[in-house]
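Residue-level listing of the chains:
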Amino acid sequence: MTVCGYRYDVTQESALFSEFRLGRLRLPNRLVMAPLTRDRATHGTDAPHALNAEYYRQRASAGLIIAEATQISPSGKGYAWTPGIYSDEQVAGWKLVTDAVHDAGGRIFLQLWHVGRISHRSLQPGGVAPVAPSAIQAEGQKTFIETGTSGDFAQVDTPRALETSELPGIVEDYRHATRNALRAGFDGVEIHAANGYLLHQFLSTNANVRTDEYGGSIENRLRFPLEVVKAVVEIAGPDRTGIRLSPVTPANGIETTDAEAIFFPLVQRLSDLDLAYVHVIEGATAGPRDLKGFDFHALRKNFRNAWMVNNGYTKELADEALASGYADLVCFGRPFIANPDLPERFRRNASLNAPNQKTFYGGGSEGYTDYPALKEAAADV
Ligand SMILES: Cc1cc2nc3c(=O)[nH]c(=O)nc-3n(C[C@H](O)[C@H](O)[C@H](O)COP(=O)(O)O)c2cc1C
């Protein structure tokens, strides 16, 4: 059937549209909206506002939304105008978002973020160097900084190595952020341990050269990320806690030369802690799905609960991953930026809007809340 140029092939339902029990939630479908930084929080307070609520409301038909990476503390920030979850103002802003999504029948987790060395002095409280496991700059890596009312890309700064005595304070920041996320009405939280940010830096071989009990051996490199996971679980419960991992990505200059040796025991520990899900980015984040000999299917066997996959998935690839029993949930990033009604488009095998990269970061409603849903697109014809 063709309506106004759109093909509406109502084909056999794919596994994407079956329900799934995720911790305390019943998801109506297996499509998850990926955490996507959009740099559109309120300038000055980093609090979400009405436009952000509208953006997420439009995407509430996802089985689950994972809201964008959100700094747990002022020093966890690495990009201009990303939201925080440490102040009351930010909690109130996020409440607008969670209310809008819940009123539209959706479910939403918050991604908890500390960028570690991927930052710039101009984004840090007091203009000091960002903190990281070791004082090693992520060479050639850029971040997005404030330049007046617009933004620009700049080389990340050389970080200062965290003192061992400072680490409990960061764990406490995760606890505080988790409490705030629940106060703001989120259904759960996802710990961001991917893409070369703080927790991934501790796991890595090129950003962590510490000589205390947080560096060196596999056990030591796992220690800080696991302390954070346990702290978050204490507050949210394991059934409202997920984690994102990207074992082989080179994102933000990260390298883990012994990826299987560290990620396999990590996932086993996460299973023992009974986390609701593990979310894996397969390959280079938003790049090639080249798995460099890393066996994701074997990794999946180390985890007892939901397995969520991401990176360059199409509807066909998603169907395969679900039908084979490998994945339980499939997470889509760029397709959700441009298609607020992605589940409906997949269901109808309709064409997809293309995302406009120029409006990914910063700005207002353009390229944010103005991508048409099918009905609007058809009405415009
Ligand atoms: C604009 C943009 C912002 C992103 N922000 C985040 C983020 O906040 N947290 C995160 O874990 N990944 C982030 N990513 C990575 C995506 O979540 C996802 O892993 C990537 O886009 C690959 O999925 P896709 O092929 O479905 O787009 C971002 C990617 C893009 C393109």
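Details of the structure are given in the entry above.
Residues numbered from 1 in each chain as written. Predicted model: local features only at pLDDT ≥ 70, side-chain atom pairs only at ≥ 80, totals over all residues. Heavy atoms only, no water.

Enquirer: What is the right way to look at the overall build of the protein chain in this model?
Expert: Each helix and strand in the protein chain was counted, giving 11 helices and 16 strands. For 381 residues, the compact-globule estimate of 2.2 N^0.38 gives 21 Å, and the C-alpha radius of gyration of the protein chain, at 20 Å, lies within 12% of that figure. Judged by the C-alpha coordinates and their principal axes, the protein chain covers about 65 × 50 × 35 Å. In the protein chain, which comprises 381 residues, the proportion classed as buried is 58%. Put simply, 73% of the contacts in the protein chain that link residues at least 6 apart link residues at least 24 apart. Accessible area for the protein chain stands at about 14,400 Å²; split by element, carbon and sulfur atoms hold 50% of it. Separation between the mean location of the 38 positive side-chain charges and that of the 45 negative ones in the protein chain comes to 3 Å. (Helix = DSSP H or I, 4+ residues; strand = E, 2+ residues; numbered from the N terminus. Rg over C-alpha atoms; globule rule 2.2 N^0.38 Å. Buried < 20%, exposed > 50% of the residue type's maximum accessible area, 1.4 Å probe, protein only. Contact = heavy atoms within 4.5 Å. Areas by Shrake-Rupley, 256 points an atom, 1.4 Å probe, with all protein chains shown as cover. Lys, Arg positive; Asp, Glu negative; His and termini not counted. Charge placed at Lys NZ, Arg CZ, Asp CG, Glu CD.)

Enquirer: Which parts of the structure should I look at to understand the nonpolar core?
Expert: Across soluble globular proteins, you tend to see nonpolar side chains buried next to one another. One finds Tyr56, Phe224 and Leu270 to be the most contacted residues of the largest nonpolar core, which totals 99 residues. Tallying contributions element by element places helix 5 (residues 218-236) first for this core, with nine residues. Among the nonpolar cores identified, the runner-up in size contains 11 residues, and Trp113, Ile118, Phe144 and Val156 belong to it. (Core = buried A, V, L, I, M, F, W, Y, C linked by side-chain atoms within 4.5 Å.)

Enquirer: So what exactly am I meant to see when it comes to the pattern of salt bridges here?
Expert: It is possible for side chains bearing opposite charge to pair when their charged atoms get close. This model, assessed by the stated rule, comprises 19 salt bridges. Asp88 is paired through a salt bridge with Arg183; the nearest N and O atoms lie 2.9 Å apart. Of the two residues, Asp88 sits in helix 2 (residues 88-103) while Arg183 sits in helix 3 (residues 167-183), which places them 95 residues apart along the sequence. The class for Arg183 is partly exposed, based on a relative accessible area of 48%. In this structure, Arg304 engages Asp274 in a salt bridge whose closest nitrogen and oxygen atoms are separated by 3.3 Å. On the criterion of sequence distance, the pair formed by Arg304 in the loop between helix 7 (296-300) and strand 15 (306-310) and Asp274 in the loop between helix 6 (259-272) and strand 14 (277-281) is long-range, its members being 30 residues apart. (Salt bridge = Lys/Arg side-chain N within 4 Å of Asp/Glu carboxyl O.)

Enquirer: Got a minute to help me understand the layout of surface pockets in this structure?
Expert: The gaps of empty space that remain are located by a probe, the size of a water molecule, rolled over the atoms. Here the largest pocket defines a volume of roughly 990 Å³. Taken together, 44 residues line the largest pocket, and the ones lying closest to its centre are Leu36, Thr285, Ala286, Arg334 and Tyr361. Among the residues forming the lining of the largest pocket, the class breakdown is 22 nonpolar, 14 polar and eight charged. (1 Å grid on protein atoms, 1.4 Å probe; cavity = no way out; pocket = protein on both sides within 12 Å on 5 of 7 lines; lining within 4 Å. Points joined across faces, edges and corners; volume = space filled by probe spheres on them. Nonpolar A, V, L, I, M, F, W, Y, C, P; charged D, E, K, R; others polar.)

Enquirer: Help me understand the site of the ligand, please; the structure alone is not making it clear to me.
Expert: Around the ligand sit 20 residues in total, of which Thr37, Arg244, Asn310, Gly312 and Arg334 are the nearest. One of the backbone N or O atoms of Gly312 is found 2.7 Å from an oxygen atom in the ligand. Gly333 is positioned with one of its backbone polar atoms (N or O) 2.7 Å from an oxygen atom of the ligand. For the ligand, whose free accessible area comes to 610 Å², the fraction covered by protein is 94%. Mapping the ligand onto the cavity grids shows that it belongs to the largest pocket. For the shell around the ligand, the per-class residue count stands at nine nonpolar, nine polar and two charged. (Near = heavy atom within 4 Å. Polar contact = N/O pair within 3.5 Å; in protein donor to acceptor, adjacent residues only side chain to side chain. Sits in = over half its atoms within 2 Å of the grid points.)

Enquirer: Quick question: what am I supposed to make of the sheet that holds strand 6 (residues 64-71) here?
Expert: Within a sheet, adjacent strands bond to each other through the backbone by hydrogen bonds, running parallel or antiparallel. Taken in spatial order, the eight strands of this closed barrel run 5-6-7-12-13-14-15-16, and their pairing is parallel. Across this sheet, the average inter-strand angle for adjacent strands is 25°, counted without regard to direction. Direction of pairing for strand 15 relative to strand 16 (residues 329-332): parallel, over a ladder of three bridges. What sits directly across from Asn310, in strand 16, is Cys331. Along the sheet, helix 5 makes contact with strand 7 (108-113), strand 12 (188-192) and strand 13 (241-245), crossing strand 12 at roughly 175°. (Pairing = 2+ DSSP bridges. Axes fitted to C-alpha atoms, helices over the stretch in contact; angles between N-to-C directions.)

Enquirer: What is the right way to read helix 8 (residues 315-323) from this model?
Expert: Residues three or four positions apart in an α-helix share a direction because the helix packs 3.6 residues into each turn. Those residues of helix 8 that fall on the buried side of the exposure criterion are Lys315, Ala318, Ala321 and Leu322. When helix 8 is viewed along its axis, its buried side chains cluster within an angular range of 125° and face the same direction. Exposed and oriented more than 90 degrees from the buried face of helix 8 are Glu316, Glu320 and Ala323. Buried residues along helix 8 sit against strand 16 and helix 10 (342-347). (Arc of directions from axis to C-beta.)

Enquirer: Explanation requested: unusual backbone geometry in the structure shown.
Expert: Outside of glycine, negative phi angles account for most residues, and trans bonds account for most peptide bonds. Even without being a glycine, Asp39 presents a positive backbone phi close to 50°. With respect to the element layout, Asp39 can be found in the loop between strand 5 (31-33) and helix 1 (50-58). If you check the backbone angles, Asp274 has positive phi at about 70° while not being a glycine. Judged by its relative accessible area of 31%, Asp274 is partly exposed.

Enquirer: Quick question: what am I supposed to make of the packing of aromatic side chains here?
Expert: Two measures describe an aromatic ring pair: the distance that separates the ring centres and the angle between the ring planes. Overall, the coordinates contain 18 aromatic pairs when judged by the stated rule. Ring centres of Trp81 and Phe144 lie 6.1 Å apart, and the angle between their planes is 80°; this geometry places the pair in the edge-to-face category. With Trp81 in the loop between strand 6 and helix 2 and Phe144 in strand 9 (residues 142-147), this pair connects stretches of sequence that are 63 residues apart. The exposure class assigned to Trp81 is buried, which follows from its relative accessible area of 3%. Residue Phe144 is classed as buried on the basis of its relative accessible area, which comes to 7%. Note on Phe264 and Phe294: the rings are 5.9 Å apart at their centroids and 55° apart in plane angle, and the pair reads as tilted. A residue pair is termed long-range when its members are at least 10 positions apart, and Phe264 in helix 6 and Phe294 in the loop between strand 14 and helix 7 qualify at 30 residues. (Phe/Tyr/Trp six-rings, centres within 6.5 Å; stacked < 30°, edge-to-face > 60°.)

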